[in-house]
Every structure is written in C-alpha cells, then in structure tokens.
Amino acid sequence: MKIAVLGGGNGSFAAAGDFALQGHDVRLWRRDMAQVATHRAAGSRIIVKDAHGRHDVQLALVTTDMAEAVTGTELILCPAPAFAQHDIATQLAPHLADGQVVFLPPATFGSMIFAAAMRDAGNRSAASFAETGTLPWLTRKHGPFEVAITIRAKRLPVGVFPLDTADHAIGVIAHAFPGVIEPCGDALSAALMNAGPIIHPPLIIMNAGPIEHFERWDIHKEGTQAAIRRVTDALDAERIAVREGFGYDSPHFPLTHHYAGEGEQWMYGRGSHDRLTDSGDWRERIVLSEHRYMREDLRLGLSLLISAADLAGVATPLARSFLAIGSAICGGDFMKGGRTLASLGLGDLDRGQLQSLLRKGFVR
C-alpha cells in the first residue's frame, strides 16, 4: 500500500517507521529542508525499537515537496499537533485526488480544517477525511532517525467526513491498521473520542507545582494520583454526556478503562498505563506555557468540547474550569483563541444542519 506520512514529530516517525516495517511503500514529508537533507544523506531510513527488538527500515522517500509525497498514495496520515493543521492542510489541499483518504490521529475535529482547505483551494476531488481518538502508538523519538514504540493501539474508533464515504475510507484505513479500526460514525463523533483533552488538562493543571519545580516530571507516574483520577473521570463524564447529547451511541471509550486491569479494553488495550510509565520516556521537561498538552489538548481540545456542549445543551463545568485556569497560567483567553464550531466556520449551523453537513460534505 502506498502511504504518505506528514510531519516530523514522534507520531510521524512512529507511523512512517511502523508502516515501512509492515512492508508498505512509505513517503515522509517534512517542512524543514535541512532536516530532510540530513535524513536523505543518512539513507532515508528509520530505526524502530519495540518489544521485539530493533528494526532498521527503509522509507521510499523523504521530501519537502508535498506533491511528490502524496501523489498516487491511497492513504495520507497526518499525526501532527492540532495547532499545525491549518498550515499543513493549506499545503496539501491542491494535491488531493479522488479516492484518497486523509487520516488524522487524533485531530480535535481537524478533519473539517483539511476538508475546508480543499474546498477553499477549488479542489473538487472526492477525497475523504477521518480522525480517531488517540495516536495509534505510544511513542517517543530517541534520536533524529530513531523512534521507540512502547505500545500499538488495539482499538481505534474512527469517524469519517463526509460520512457518506465511510465505507471506502474505513476500508483504506483498515488496510494500514488491520483488526484495529472500529467505525464510530461521523467526524464529530470521532473528535469527541479524543482522549488528550481529558487525560492531559487535569495532569498538567493539578501537577503545575511539581512540573515547574522539578527539572523533569512524569505526569503519568507520580502525577497520576487517586484525587486526580477522580477528577479525570468526572471530566470524561462531561465528554460522554456531550456525545450522548448529539445522539452518538456507545462504546464511548471511557478513560477509566485505560487504567483498569480487567473489563472492556480501551484504545491501547490492558496494562498500557503501566507499560507507559515503566518505559521512562514520559519523564520529561514540561514548560506549561509552551507544551502541546497546554497548547493543543487544553486550549484547542477543551474549547472544542465546550463549544460542542453548548450546541448539545450539555453543561461542562470542569472543562470550563480547566480552560479558565489554563488561560490564567498562559495569560490569554483560551475560549476566544481556541477551536470552536464558530472558528471552524460552523457556528451558524443548528444541530440538524451540522449533522447533515457531516454526512453529505460540502457542496461540490
């Protein structure tokens, strides 16, 4: 299968390396010309480390040329942070073709940004856009061309825009992730599966003191205490209430399953939290005003949740509280500068109109 991977972070390297390890034809696109030149000089290879050892895999292409990266591919995977989506979507939009699937894992409703960019570019191709609730890999880069994969996802709830193209899109994505993909309806349903805005805001806000005191701090180990877990579950209950407010059915992938040793499997399967903390890769320096946990998961993720909740008529007091505290820490107004239905150009739609758009797509 021909796959393009966009970005140069942890998730992009895990994707490119893992897909190449599975035998796919993988093209990696990055914006940084110097880093691309260095990667090419090193042979366009990635070292993948996982539970089975160390694997040296060959990429088909490493490039800064978007057209070169995506032309002729079936799947385009972009695991870049949500705050990078506008720029990447604008560069990608003119090059999309009929039948291609853009998969954003996860996306904070970024599928709408990519679809709107294609529309605004005058590209009327029948492409599909999909997103899911988490990155398919728990991963960290260990060097410029080396990535460690601690866990691969076991279940990925995926929503598609337009929903009418879901059969084709899910089929393409499932080819890259066999036995893992679970259709969950439209793109908003998938956006409301995003785990980052539920896990990370309580961990960084309620651990703000030790995060700023210690040089490195593992929010998932020492930072995940019983009181914080109770708050996380309450915040997750708000997310699930919003899903139910839109009429989305279970499974809602409650975050409590991520920490449980038995019962229903969460996206990463059982025991993933312990394996994450045992790896030591998440003991890191977090600058609260700069880290993606704040810029992406709290600012963008919670503002989207609150905006969707308003349309669904659901109260989200915890989400609003964390957004207000994050705003105070960073000296801004995260609701005004966040990702809302209005900022996505959907603010004038009622619930029925929004759900019709999510099914049919933009007028071609």
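Residues numbered from 1 in each chain as written. Predicted model: local features only at pLDDT ≥ 70, side-chain atom pairs only at ≥ 80, totals over all residues. Heavy atoms only, no water.

**Q** What should I look at first to understand the sheet that holds strand β1 (residues 2–6) in this one?
**A** Backbone-to-backbone hydrogen bonds join strands into a sheet, with any given pair of strands oriented parallel or antiparallel. If you walk across this open sheet you meet the 8 strands as β5-β2-β1-β6-β7-β8-β11-β12, and the pairing is mixed. Each having just a single partner strand, β5 (61–63) and β12 (181–186) make up the two edges of the open sheet. Between one strand axis and the next, the sheet turns through 25 degrees on average, direction left out of account. Relative to the sheet, helix α5 (residues 111–120) contacts β7 (101–104), β8 (128–132) and β11 (156–161), its axis offset from that of β8 by approximately 165 degrees. (Pairing = 2+ DSSP bridges. Helix = DSSP H or I, 4+ residues; strand = E, 2+ residues; numbered from the N terminus. Axes fitted to C-alpha atoms, helices over the stretch in contact; angles between N-to-C directions. Contact = heavy atoms within 4.5 Å.)

**Q** Can you help me understand helix α2 (residues 33–41) in this one?
**A** Where α2 starts, the residue carrying a side-chain oxygen 3.0 Å from the main-chain nitrogen of A34 turns out to be D32. G43 sits one or two positions beyond α2 and adopts a positive phi of about 100 degrees. (Polar contact = N/O pair within 3.5 Å; in protein donor to acceptor, adjacent residues only side chain to side chain.)

**Q** For this particular structure, what's the right way to read unusual backbone geometry?
**A** The general pattern is negative phi for most residues beyond glycine and trans for most peptide bonds. Cis geometry marks the peptide bond from P105 to P106, where omega comes out at -15 degrees. Turning to its location among the elements, P106 is positioned in the loop between β7 and α5. If you check the backbone angles, S44 has positive phi at about 55 degrees while not being a glycine. Here S44 shows up in the loop between α2 and β3 (45–50). Its relative accessible area of 11% is what places S44 among the buried residues. One non-glycine residue, F253, lies in the positive phi region at around 50 degrees. Within the fold, F253 resides in the loop between α10 (226–245) and α11 (256–259). (Buried < 20%, exposed > 50% of the residue type's maximum accessible area, 1.4 Å probe, protein only.)

**Q** What is the right way to read the sheet that holds strand β10 (residues 146–152) from this model?
**A** On the basis of which strands lie adjacent, the open sheet formed by 4 strands has the order β4-β3-β10-β9 and mixed pairing. For this open sheet the edge positions go to β4 (53–58) and β9 (137–143), each flanked by a neighbour on one side alone. Adjacent strand axes in the sheet meet at a mean angle of 25 degrees when their direction is disregarded. Here β3 pairs with β4 via 6 bridges, running antiparallel. Paired with D50 across the bridge in β4 is G53. Packing against the sheet, helix α12 (residues 272–279) makes contact with β9 and β10, and its axis sits at approximately 155 degrees to β10.

**Q** Can you help me understand the layout of surface pockets in this one?
**A** Remark: the empty space left among the atoms is shown by a probe the size of a water molecule rolled over them. A volume near 940 Å³ is recorded for the largest pocket. Taken together, 45 residues line the largest pocket, and the ones lying closest to its centre are N10, L135, R140, R292 and E296. Of all the secondary structure elements, the ones that give two or more residues to the lining of the largest pocket are α1 (10–21), β9, α8 (196–206) and α13 (292–312). Ranked by residue count, the leading element in the lining of the largest pocket is α13, at 5 residues. When its residues are assigned to classes, the lining of the largest pocket shows 19 nonpolar, 16 polar and 10 charged. (1 Å grid on protein atoms, 1.4 Å probe; cavity = no way out; pocket = protein on both sides within 12 Å on 5 of 7 lines; lining within 4 Å. Points joined across faces, edges and corners; volume = space filled by probe spheres on them. Nonpolar A, V, L, I, M, F, W, Y, C, P; charged D, E, K, R; others polar.)

**Q** Is there a simple way to think about the packing of aromatic side chains in this case?
**A** Aromatic rings in a pair are described by how distant their centres are and how their planes are angled relative to each other. Under the defined criterion, the tally for this structure stands at 8 aromatic pairs. Linked through ring pairs, F19, F103, W137 and F177 together constitute an aromatic cluster. Residue placement shows R119 over the ring face of F362; its charged tip is 4.4 Å from the ring centre. (Phe/Tyr/Trp six-rings, centres within 6.5 Å; stacked < 30°, edge-to-face > 60°. Lys NZ or Arg CZ within 6 Å of the ring centre and 35° of its normal.)

**Q** Which parts of the structure should I look at to understand the environment of D233?
**A** Summarising the element assignment, D233 is placed in helix α10. By relative accessible area, which is 30% here, D233 ends up partly exposed. When the C-alpha positions of D233 and F83 are compared, they lie 26 Å apart, and in sequence the two are 150 residues distant.

**Q** Could you clarify how one ought to interpret the pattern of salt bridges in this entry?
**A** For side chains bearing opposite charge, pairing can occur when the charged atoms are close. Applying the stated rule across the entire model yields 18 salt bridges. A salt bridge links R152 to D18; the shortest N-O distance between them is 2.9 Å. Note that R152 is positioned in strand β10 and D18 in helix α1, a separation of 134 residues in sequence. On the basis of relative accessibility, which here comes to 26%, the residue R152 falls in the partly exposed class. Here D18 falls in the buried class, since its relative accessible area comes to 6%. We note a salt bridge from D297 to R292, for which the minimum N-O separation is 3.7 Å. The buried category is assigned to D297, whose relative accessible area is 4%. For R292, a relative accessible area of 31% corresponds to the partly exposed category. (Salt bridge = Lys/Arg side-chain N within 4 Å of Asp/Glu carboxyl O.)

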